[in-house]
Amino acid sequence: MWWLSDPLDLHRIEDRVSSLYVEKSHVDRADNAIVLVNKQRTVRVPAAFIATLLLGPGTRITSGAVRLLADSGTAVCWVGDRGVRMYAAGLGPSRGSGLLLRQAYLVTRTKERLDVARRMYAKRFPDDDVTTATMQQLRGREGARVKKIYRTHSERTGVAWTRRVYTPGDPFAAGDDINRLLSAGHSCLYGICHAAIVGIGASPALGFVHTGTATSFVLDIADLYKADYTIPLAFDLAAAGHVEERDIRTAFRDKVADGHLMARIVHDIKDLLLDKDAPDPDEDALHLWDEIDGHVPGGVNWAADVADQWDDTTIVGITGPDTDTEAPPW
């Protein structure tokens, strides 16, 4: 039966459901399935069939479920309502590092990094040939095209538009209603992109256009979808008089609830980072790097006669009382 299969039987990301969102439920483990329990139903899902588990508000998860997800190479992300905010994430030790290593290779080489930046631009504006464009030219073209997008939606909805106003660190304090809606909508989009990036084992920090922050790649990827999602939505809401942050947060949640955006993000990231004929580096492996052989097997004691250098003072733990013993009177 599928719930008794080995956790790694379905380890390839391309064979998995890109994400599973859970809220107001208890998440537990039964054999090799995670069990989702709430007041309405109980659902079993094979852990190795999920690329990313998104835990929304009102969710509890057991240690056994987390261990199973880690063994299955499934990412766990703690998110806001319908995944529109990203709070924390965890990856198990069985997740391969192939995609991350590929990303690091591309971002540390000028020619390859520029090529990825060009492909990002081409995804947004496919009618513009940028095969020989420099980064300065890409920035200029992007600025002109984005300004045109804002003007187009302003004319379509009748919402007045002058320029984008944004205060780093306090995005909702400056600007008019439309700018505040845009800031709130973009933050929701960043949450979903962050979850997708972490879920497939890439680094949110290694950006190709943006740089210098722990979410540089998140900003890169989110830019691919603003013209389709947050910008038109913000203008539509402003035209209807819905100008609170909650308005666009809930509207954006409903807009992406079908899961198509998450699947699109996963596909686009792999398309940007991997060559068309290159194998998908989802194979889980544990190796040790070697300057001569490339790598050697991990999990092997290569120097069994070397004394352990750790002592008992290097780890601090906090443990509660056993549940089957009587609690002390204090």
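About the cut-offs
Residues numbered from 1 in each chain as written. Predicted model: local features only at pLDDT ≥ 70, side-chain atom pairs only at ≥ 80, totals over all residues. Heavy atoms only, no water. 1 Å grid on protein atoms, 1.4 Å probe; cavity = no way out; pocket = protein on both sides within 12 Å on 5 of 7 lines; lining within 4 Å. Points joined across faces, edges and corners; volume = space filled by probe spheres on them. Helix = DSSP H or I, 4+ residues; strand = E, 2+ residues; numbered from the N terminus. Nonpolar A, V, L, I, M, F, W, Y, C, P; charged D, E, K, R; others polar. Pairing = 2+ DSSP bridges. Contact = heavy atoms within 4.5 Å. Axes fitted to C-alpha atoms, helices over the stretch in contact; angles between N-to-C directions. Salt bridge = Lys/Arg side-chain N within 4 Å of Asp/Glu carboxyl O. Buried < 20%, exposed > 50% of the residue type's maximum accessible area, 1.4 Å probe, protein only.

Novice: Give me the layout of surface pockets: which residues, what numbers.
Specialist: Of the voids in this model, the largest pocket is the one considered here, and its volume is about 690 Å³. Of all the secondary structure elements, the ones that give two or more residues to the lining of the largest pocket are helix 4 (135-157) and helix 5 (177-199). The greatest single-element share of the lining of the largest pocket, amounting to eight residues, is contributed by helix 4. Residues belonging to the lining of the largest pocket are distributed by class as follows: ten nonpolar, six polar and nine charged.

Novice: Would you mind going over the sheet that holds strand 4 (residues 42-46) in detail, with residue names and values included?
Specialist: Taken in spatial order, the four strands line up as 4-3-2-6 in an open sheet, and their pairing is mixed. Each edge of the open sheet carries a strand with a single partner, namely strand 4 and strand 6 (60-61). Packing of helix 1 (residues 63-71) onto the sheet brings it into contact with strand 2 (26-30), strand 3 (33-37) and strand 6, and relative to strand 2 it is tilted by some 65 degrees.

Novice: Please provide a residue-by-residue account of the pattern of salt bridges, values included.
Specialist: Tallying each qualifying case throughout the model produces 15 salt bridges. Ionic pairing is found between Lys 24 and Glu 23, a salt bridge with its closest N-O pair at 3.4 Å. In this structure Lys 24 comes out as exposed when scored by relative accessible area, which is 58%. The class for Glu 23 is partly exposed, based on a relative accessible area of 24%. Between Lys 226 and Asp 223 there is a salt bridge, with its nearest N and O atoms 2.9 Å apart. Each member of the pair, Lys 226 as well as Asp 223, carries the same accessibility label: buried. By sharing partners, the salt bridges in this structure join Lys 123, Asp 228, Arg 264, Asp 268 and Asp 271 into a single network.

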